[in-house]
Amino acid sequence: MLSNNPGPIGIFDSGYGGLTILNGIRQLLPQYDYLYLGDNARAPYGPRSFDVVYEFTRQAVVKLFEMGCHLIILGCNTASAKALRTIQQHDLPQIDPERRVLGVIRPTAEVIGSLTTTRHVGVLATEGTIKSESYNLEIHKLHPDIHVTGVACPFWVPLVEYNEADSPGADYFVKKRIDQIMDLDPQIDALILGCTHYPLLMPKIKKYLPAGVRVISQGEYVAKSLQDYLERHPQVEQRCAKHGEAHYLTTENPEKFKEQAQIFLNDDILVENITLG
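Residues numbered from 1 in each chain as written. Predicted model: local features only at pLDDT ≥ 70, side-chain atom pairs only at ≥ 80, totals over all residues. Heavy atoms only, no water.

## Observations regarding the sheet that holds strand β8 (residues 214-216)
So, point 1. Spatial ordering of the open sheet is given by β6-β5-β7-β8, a layout of four strands whose pairing is parallel. The open sheet is flanked by β6 (147-152) and β8, the only strands paired with a single partner. The mean inter-strand angle of the sheet, taken between neighbouring strand axes irrespective of direction, is 25 degrees.
So, point 2. In the sheet, strand β5 (residues 120-125) pairs with strand β7 (residues 190-193) via four bridges, with the strands oriented parallel. Residue pairing in the sheet places Val121 in a bridge with Ala190 of β7. (Pairing = 2+ DSSP bridges. Helix = DSSP H or I, 4+ residues; strand = E, 2+ residues; numbered from the N terminus. Axes fitted to C-alpha atoms, helices over the stretch in contact; angles between N-to-C directions.)

## A closer look at the sheet that holds strand β10 (residues 271-273)
Within a sheet, neighbouring strands are paired by backbone hydrogen bonds and run either parallel or antiparallel to one another.
So, point 1. Ordered in space as β4-β3-β1-β2-β9-β10, the six strands form an open sheet in which the pairing is parallel. This sheet does not close on itself; its edge strands, each paired only once, are β4 (100-102) and β10. Neighbour to neighbour, the strand axes of the sheet diverge by 20 degrees on average, direction disregarded.
So, point 2. In this sheet, strand β3 (residues 71-74) lies alongside strand β1 (residues 9-13) in parallel orientation, the contact comprising four bridges. By the bridge assignment, Gly10 is partnered in β3 with Ile72.
So, point 3. Helix α4 (residues 84-95) contacts β3 and β4 of the sheet and is inclined by roughly 170 degrees relative to β4.
So, point 4. Against the sheet, helix α13 (residues 254-264) contacts β2 (34-38), β9 (246-250) and β10, and its axis sits at roughly 145 degrees relative to β10. (Contact = heavy atoms within 4.5 Å.)

## Notes on the nonpolar core
So, point 1. Counting 53 residues, the largest nonpolar core has Ile9, Leu19, Trp156 and Ile205 as its most contacted members.
So, point 2. The residues touching Ile9, leaving out its near neighbours within four places in the chain, are Tyr32, Asp33, Tyr34, Leu35, Cys69, Leu71, Ile73, Leu226, Leu230 and Cys240.
So, point 3. Counting residues in each nonpolar core, the second largest holds 24 residues, with Phe56, Leu74, Leu92 and Val101 among its members. (Core = buried A, V, L, I, M, F, W, Y, C linked by side-chain atoms within 4.5 Å. Buried < 20%, exposed > 50% of the residue type's maximum accessible area, 1.4 Å probe, protein only.)

## What about the packing of aromatic side chains?
So, point 1. Here the structure, examined in full by the defined rule, presents nine aromatic pairs.
So, point 2. Relative to Tyr45, the ring of Phe12 has its centre 6.2 Å away and its plane inclined at 50 degrees; by these criteria the two rings are tilted. Of this pair, Phe12 sits in strand β1 while Tyr45 is found in the loop between β2 and α2 (50-66), placing the two residues 33 residues apart along the sequence. Comparing Phe12 with Tyr45, the two get one shared label, buried. (Phe/Tyr/Trp six-rings, centres within 6.5 Å; stacked < 30°, edge-to-face > 60°.)

## Quick look at the packing of helix α1 (residues 18-28) against α13
So, point 1. Between α1 and α13, whose axes approach to 9 Å, the crossing angle comes to 55 degrees. Taken together, the axes of α1 and α13 are oblique relative to one another. Along this stretch, α1 crosses α13, giving a crossing that reads as right-handed. Residues Leu19, Thr20 and Asn23 of α1 form the contact with α13, whose own contacting residues are Phe257, Ala261 and Phe264.
So, point 2. Taken together, the residues of the contact of α1 with α13 break down into four nonpolar, two polar and no charged. (Parallel < 35°, antiparallel > 145°, perpendicular 65-115°, else oblique. Left-handed = near helix turned anticlockwise from the far one by under 90°. Nonpolar A, V, L, I, M, F, W, Y, C, P; charged D, E, K, R; others polar.)

Rendered as structure tokens:
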């Protein structure tokens, strides 16, 4: 039986990248409680099939609901691309029609129209997100005139998670993908980082991007979108607990999570291990 008492806002990610989303949200909305769940034991999700990503994400959503969340943000582009729609349309009506699950792709698609002059936009993301064409679909729904070019960056997540984002070796992999996407469409003037790990490569991304190309990191836009959502849905906002606290869950070793999380956060955090499935 799910509780109707106010609970934390859930943030789910396959690994650590969603911590950049949580960071952005907490800076704008520090008054709320947050419960972060990283499925680190089964990460990365990027290369996995739609069915597997959906099932893993559904398990995480159910777990966060059981732990008191009424609202969950899929702070993972792959989960947002491959699982969000099915969960919203198929699972929520059965679990609890009053609970909500939101993604990170739509907020970025909503603002992109005001961030490009040439109407040519690039997306750098994992293989799964690029293959899903979710950014193309969401952007074209809202801005049919925008031309979208996507490129997968398979080595970027390991660079971040192995704390190599500042290493000289990272330059090769970053430059290679920047050159590739700009060769495909030299008119790109806005580049969406469609994976929550990628902001940690920002110095190198900016180093190799041509002048005048704007880099769009999702954290601030997801935070503003959530703020707007809560203002428009007071019945959901009232179910969000407000003590300014954040708790962290992982399907991996908590000490390992804590160590890795320091790459993304400045806080010293407490982490609890849980099992999904």
